[in-house]
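The lines below spell out each chain.
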Amino acid sequence: MSTVFLALQTNEDTRPIIEAILQDNPGAVVDEQPAMVKINADGRLVVRRETIEELIGRDYDLQELQVNMITMSGNLDQTDDEITLFWKS
Amino acid sequence: MDMQVAKKKLGLKERYAVMTRGLDWTPSYQKMEDIYPYIAYEGIKIHDWDKWEDPFRLTMDAYWKYQAEKERKLYAIIDAFNQNNGHLNVTDARYINTIKLFISGISPLEYVAHRGFAHAGRAFPGPGPRVACLMQSLDEIRHAQTQVHSISNYNKYYNGMHDFHQAHDRVWFLSVPKSFFDDAITAGPFEFMVSIGFSFEYVLTNLLFVPFVSGAAYNGDMGTMTFGFSAQSDEARHMTLGLEVIKFILEQDPANVPIVQRWIDKWTWRGYRVLTLVAMMMDYMLPKRTMSWKEAWEVYFEENGGALFKDLARYGIKMPKCAEQIALEKDHLSHQAWSTFYNYAAAANFHTWMPDEDEMAWLAAKYPASFDKHYRPRYEFWREQAAKGNRFYNKTLPMLCQTCQIPMIFTEPGDATKICYREVDYKGDKYHFCSDHCKEIFEHEPEKYVQAWLPVHQIYQGNCFPEGTDPTVEGFDPLAAVLEYYKLEHGRDNLDFDVSEDKKNFAEWRGQATKNI
Ligand SMILES: [Fe+2]
Ligand SMILES: [Fe+2]
């Protein structure tokens, strides 16, 4: 399976989000670059709203992630509860 | 009972449907083909526009909210950067030349992208793509503006940025990025979406922004890093749009596949040629390097693009065939480009220099197959000559490729000792090309590319001198006249970094910032 990735700015907003992503995607690998965190996963990566809310202790709208996103790879699908990145092949 | 029960808010999918398709209507007193005149001639067949869906499902109301948040963050940092003389924290003054390249080569493209997406959005009958194009059009004008605002602080202190837009329109090498985007916006709306939305934004954007932005971070330039990230946060959406465009077009009709494949082949190559400037920036212009051009190409194109084209294979789309030649060029591209700019430092809006010993060692380590053999000897010679007072400034104008407009500096794929020349006879004229790919692009659309405004031809025809110049007077200095036309000041905006005012001023100001004088 090909790698999908999501790159976020390194800041206080994204710290718990990255933690949540790593909780929900056991195979995901973090690659820390200057001012940027890239999370790689094999074929599929899920960002779950509930996990983030548990960690930050408030309601979270996944669209807030727009502010801190840098780049990504893969097909994307977003709902109220999840953002999924995936390759079909 | 008249108690108000709070109505449950609509879910993301329903909200998206209501705020895009729900706002559309079918015209009754005008014909569709009169309202959307550009939609058929490219041969793309669309049967159901409603099949288009933005995977982020972003609606205009949410768009404004998040964009405003990005702007607030950005301008707070720009203010702090300027108030604290942030420009003196960059690694060394050579770095500032990457900013000159950016403001004159890239920022004007952001503005043209704004126009391009506005135009494409207007051309599409479907509300989904129309809304997505509207957002991207607004993003792009925001990018142009925030870049001008952040870089204006550098313009207060350093040379060469004072009239970046004029430079973009006139300076010889800037016709490379300019003509690339002009080529895209003069194509039909579908080709524009494939060229910029897909090939540039999805396949190649990581090679432009990630190196520039992390390069800025590595080199202490918080201002550029911040606008870069702010722009980049829109980029994830643009990439998604780019990929969605392709999938949508391919799913609509099998007859679309060969048309799209041709566009992907063309625009991957066109975009890659423009990235020559980024390649040399990464390998030569960042005092503190992030990764080499070759490494970036391997990660972001070969791995990542490889995954993408594997995914698109189910539609019958193949990896563009130019990828093979690009792989052969990756050991040479940045060195050949930097050599050229070193030569033409008298006619550019930024400074060039020879790498020092440490930098040569870095280059040799990153390019073991090519650097010591082909490029180090050349650099050592130039450096010796410069030390003797013979810094070489090439005053002979180079032959340009009719398609990409880059001087014919590239070598044959697989043979770094031989310049690659291709030519085509068309209606009694001869046209020159840097590569098979540029030649093929021309041959498919000769009537478009014969119109190219090639800076070298224009200079020789006398079209790049200030009005009223008489080139026949004795002692006429064509370079001086061309620089005047470019609005560049000789000895200030051009030449080697070593003799530059930037170098001198930066050293002095940094001294004042760290010592009590
Ligand atoms: Fe942009
Ligand atoms: Fe070319």
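So, a few notes on the structure that sits alongside this text. Keep in mind that what you see is a predicted model, and the values were worked out from it rather than measured.

Conventions and cut-offs
- Residues numbered from 1 in each chain as written.
- Chains lettered and ligands numbered in written order.
- Predicted model: local features only at pLDDT ≥ 70, side-chain atom pairs only at ≥ 80, totals over all residues.
- Heavy atoms only, no water.
- Pairing = 2+ DSSP bridges.
- Helix = DSSP H or I, 4+ residues; strand = E, 2+ residues; numbered from the N terminus.
- Axes fitted to C-alpha atoms, helices over the stretch in contact; angles between N-to-C directions.
- Contact = heavy atoms within 4.5 Å.
- Buried area = accessible area lost by both parts, 1.4 Å probe.
- Salt bridge = Lys/Arg side-chain N within 4 Å of Asp/Glu carboxyl O.
- Polar contact = N/O pair within 3.5 Å; in protein donor to acceptor, adjacent residues only side chain to side chain.
- Buried < 20%, exposed > 50% of the residue type's maximum accessible area, 1.4 Å probe, protein only.

Below, the discussion takes up the sheet that holds strand β4 (residues 44–48) of chain A. Residue and element names in this part refer to chain A. Reading across the sheet, the three strands line up as β4-β7-β6 and stay open at both edges, with antiparallel pairing between neighbours. Two strands in the sheet have a free side with no partner beyond their single neighbour: β4 and β6 (75–78). Mean inter-strand twist for the sheet, computed between neighbouring axes without regard to direction, equals 10°. In this structure, β4 lies alongside strand β7 (residues 82–86), joined through five bridges in antiparallel fashion. The residue of β7 that forms the bridge with Val 47 is Ile 83.

Attention shifts here to the interface of chain B and chain A. Buried accessible area, meaning the area lost when the parts come together, often serves as the stated size of an interface. Listed as interface residues are 37 residues of chain B and, on the opposing side, 31 residues of chain A. For the pair chain B and chain A, the two sides together bury roughly 3100 Å², of which 55% comes from carbon and sulfur. Its largest share of buried area at the contact with chain A, chain B owes to Phe 56, Tyr 66 and Phe 229 of chain B, together 20% of the area lost on that side. Linking chain B with chain A are two salt bridges. Across the salt bridge formed by Arg 57 of chain B and Asp 77 of chain A, the nearest N and O atoms sit 3.1 Å from each other. Here chain B is connected to chain A by 17 residue pairs in polar contact (both at pLDDT 80 or more). If you list the elements that add at least two residues to the side of chain B that touches chain A, you get α1 (12–19), α3 (60–83), α9 (189–218), α10 (222–252) and α13 (293–312) of chain B. Per-element accounting of the side of chain B that touches chain A gives the leading share, eleven residues, to α10 of chain B.

Okay, the sheet that holds strand β5 (residues 69–73) of chain A next. Residues and elements named next belong to chain A. Strand order in the open sheet made by the four strands is β2-β3-β1-β5, with antiparallel pairing throughout. At either margin of the open sheet sits one strand with a lone partner, and together these are β2 (29–33) and β5. Strand-to-strand twist across the sheet, computed as the mean angle between neighbouring axes with direction ignored, equals 15°. Pairing geometry for β2 and strand β3 (residues 36–42), over five bridges, is antiparallel. Across the sheet, the residue bridging to Asp 31 is Lys 38, located in β3. Across the sheet, helix α1 (residues 14–24) is in contact with β1 (3–9), β2 and β3; its angle to β1 comes to roughly 160°.

Attention now moves to the pairing of strand β3 (residues 422–426) of chain B. Residues and elements named next belong to chain B. Only one face of β3 is buried, namely the one carrying Arg 422, Val 424 and Tyr 426, since none of Glu 423 and Asp 425 on the opposite face is buried. One ladder, built from five bridges, connects β3 with strand β4 (residues 429–433); its direction is antiparallel. Residue pairing across strands places Asp 425 opposite Lys 430, the latter belonging to β4. What sits between β3 and β4 in their antiparallel hairpin is a turn of two residues, with Lys 427 showing a positive phi close to 45°.

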